Structures are given as C-alpha cells and as structure tokens.
Amino acid sequence: MKIKNILEKSKKALETDKNGHAARGGKGQKKMTVEQLRECWWRRSKIKSLQDRIERINEQITSAAAKPLTHAPRGGGNRDAIGEAVAKMQELRADLLRELVALEEHLRTVERWLDTLPPNKAAVLRLRYVDGYSWRRVARETNYSADHCRRINSEACAKLATK
C-alpha cells in the first residue's frame, strides 16, 4: 500500500536531523505532559477516521465506475461525480500523510520520554497511550491487574503534573 511506503520514508527522514545525523533524545528535550501522552491516542483516532473516509470514497468510486452507462444521460453526469470523489480522496490522502508524519514526530518525542522511565512503568504507559489499549488489555499484556496499571498511570501523571 502506498501509505505504508510513505510512512516508512517519513520514519527514515525523522530519524535524521537537518545535518543528516541520527536523532537522539536526552538533554535539551522538552518536558512531557499528560496532554502530550493523550495526544497519541487522539492522533491515531484521527488517522483511523481519515483511513475509513478514504475507504468509503474508494468504494463509492468503484461502485459508480462499475455501473453500466447504457441508460445514463448524455454528458456523463456520473463521471463528474467520480471526478469529484477522486479529488476528495486525494485531499484526504494528503491530510492522512500530514497526520502520519505528525504522529511519527510526536511518537518519537513520547518514546524518548518513555525510555527514561523504569521498564514496567514505560510498558504500561506505552500500551495505554502509544498503542491505545484499554486498561483491561494493558493489564493482560503486562500481567498486572487493571487497578495496578491505573495506579502506575496515576503516579506517572502526577509526576508529570509537578514537573
């Protein structure tokens, strides 16, 4: 799929800075906020929505193109609808690409911050915010109770709020 190739290229591009050096976390990076963690989920849901809209338009184009035009009026009014749908799909694909690149940049920042945490806390927060899992699934993946996962989250969020 084109989008996966584009995403791979954007990942490679984001891994290097303007001088072609590998990007690194560490000193000088901005402080993480709870809102930034939650933004991962928001961006992923926006990307999913764009993908769904593109798929629906693609289905409309396919079904409209497959209809026989034997009873269509002269002037091909059906073709105008297809052209409009194609233009809308291209616009949505451009939006999707921008969102994918923004998500990758954001995830890189979040991952650098998560790498500074103890592994158990980082795993819980990564599964919840980066991967968008429910508390039940986070608990299943980490072999903790859902309450313990929420407690880890609360502690991390409290620390973020005080920094």
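Fair warning: this is a prediction, and the values are worked out from it, not measured in the lab.

Q: Residues and numbers for the packing of aromatic side chains, please.
A: Summed over the entire model, instances satisfying the criterion amount to 0 aromatic pairs. Above the face of the Tyr133 ring, Arg137 is positioned so that its terminal group lies 3.9 Å from the ring centre.

Q: Go over the confidence of the model for the protein with me, naming the residues and quoting the values.
A: Residue-level pLDDT values for the protein average 78, and 72% of them are 70 or greater. The secondary-structure element of the protein with the lowest mean pLDDT is helix α1 (residues 2-14), recorded at 49, while helix α5 (residues 135-142) shows the highest, at 95. Predicted confidence for residues 13-29 stays below pLDDT 50, and this span has 18 contacts to residues more than four positions away or in other chains.

Q: Outline helix α4 (residues 119-130), supporting the account with residue identities and numerical values.
A: Three or four residues apart is the spacing at which side chains of an α-helix point the same way, because the helix has 3.6 residues per turn. Along α4, the residues classified as buried are Lys121, Ala122, Val124, Leu125, Leu127, Tyr129 and Val130. Two residues or fewer after α4 comes Gly132, characterised by a positive phi angle close to 75 degrees.

Q: Describe in detail the packing of α4 against α5, supporting the description with residues and values.
A: The contact between α4 and α5 brings their axes to 9 Å, and the two run at 140 degrees. With respect to each other, α4 and α5 are oriented oblique. Relative to α5, α4 is oriented so that their crossing is right-handed. Where α4 approaches α5, its residues Ala123, Val124, Leu127 and Arg128 are matched on the opposing element by Trp135, Val138, Glu141 and Thr142. Partitioning the contact of α4 with α5 into residue classes produces 5 nonpolar, 1 polar and 2 charged.

Q: Summarise the nonpolar core; cite the residues concerned and give the values.
A: Core analysis: the biggest nonpolar cluster contains 28 residues, and Leu37, Val110, Trp113 and Leu114 have the highest contact counts within it. Only α2 (34-66), α3 (77-114), α4 and α6 (146-162) provide two or more residues apiece to this core. Looking at this core, the element that brings in the most residues is α3, giving 11 residues. By size, the runner-up hydrophobic cluster in this structure holds 8 residues, among which are Trp135, Val138, Cys149 and Ile152.

Q: Lay out the pattern of salt bridges with the relevant residues and their values.
A: Applying the stated criterion across every chain yields a total of 11 salt bridges. Salt-bridge contacts for Arg43 lead to Glu39; the nearest nitrogen and oxygen are separated by 2.8 Å. Of this pair, Arg43 and Glu39 both sit in helix α2, 4 residues apart, which is roughly one turn of the helix. Through salt bridges with shared partners, one network takes in Glu39, Arg43, Lys46 and Glu99.

How each quantity is defined
Residues numbered from 1 in each chain as written. Predicted model: local features only at pLDDT ≥ 70, side-chain atom pairs only at ≥ 80, totals over all residues. Heavy atoms only, no water. Phe/Tyr/Trp six-rings, centres within 6.5 Å; stacked < 30°, edge-to-face > 60°. Lys NZ or Arg CZ within 6 Å of the ring centre and 35° of its normal. pLDDT = per-residue confidence, 0-100. Helix = DSSP H or I, 4+ residues; strand = E, 2+ residues; numbered from the N terminus. Contact = heavy atoms within 4.5 Å. Buried < 20%, exposed > 50% of the residue type's maximum accessible area, 1.4 Å probe, protein only. Axes fitted to C-alpha atoms, helices over the stretch in contact; angles between N-to-C directions. Parallel < 35°, antiparallel > 145°, perpendicular 65-115°, else oblique. Left-handed = near helix turned anticlockwise from the far one by under 90°. Nonpolar A, V, L, I, M, F, W, Y, C, P; charged D, E, K, R; others polar. Core = buried A, V, L, I, M, F, W, Y, C linked by side-chain atoms within 4.5 Å. Salt bridge = Lys/Arg side-chain N within 4 Å of Asp/Glu carboxyl O.

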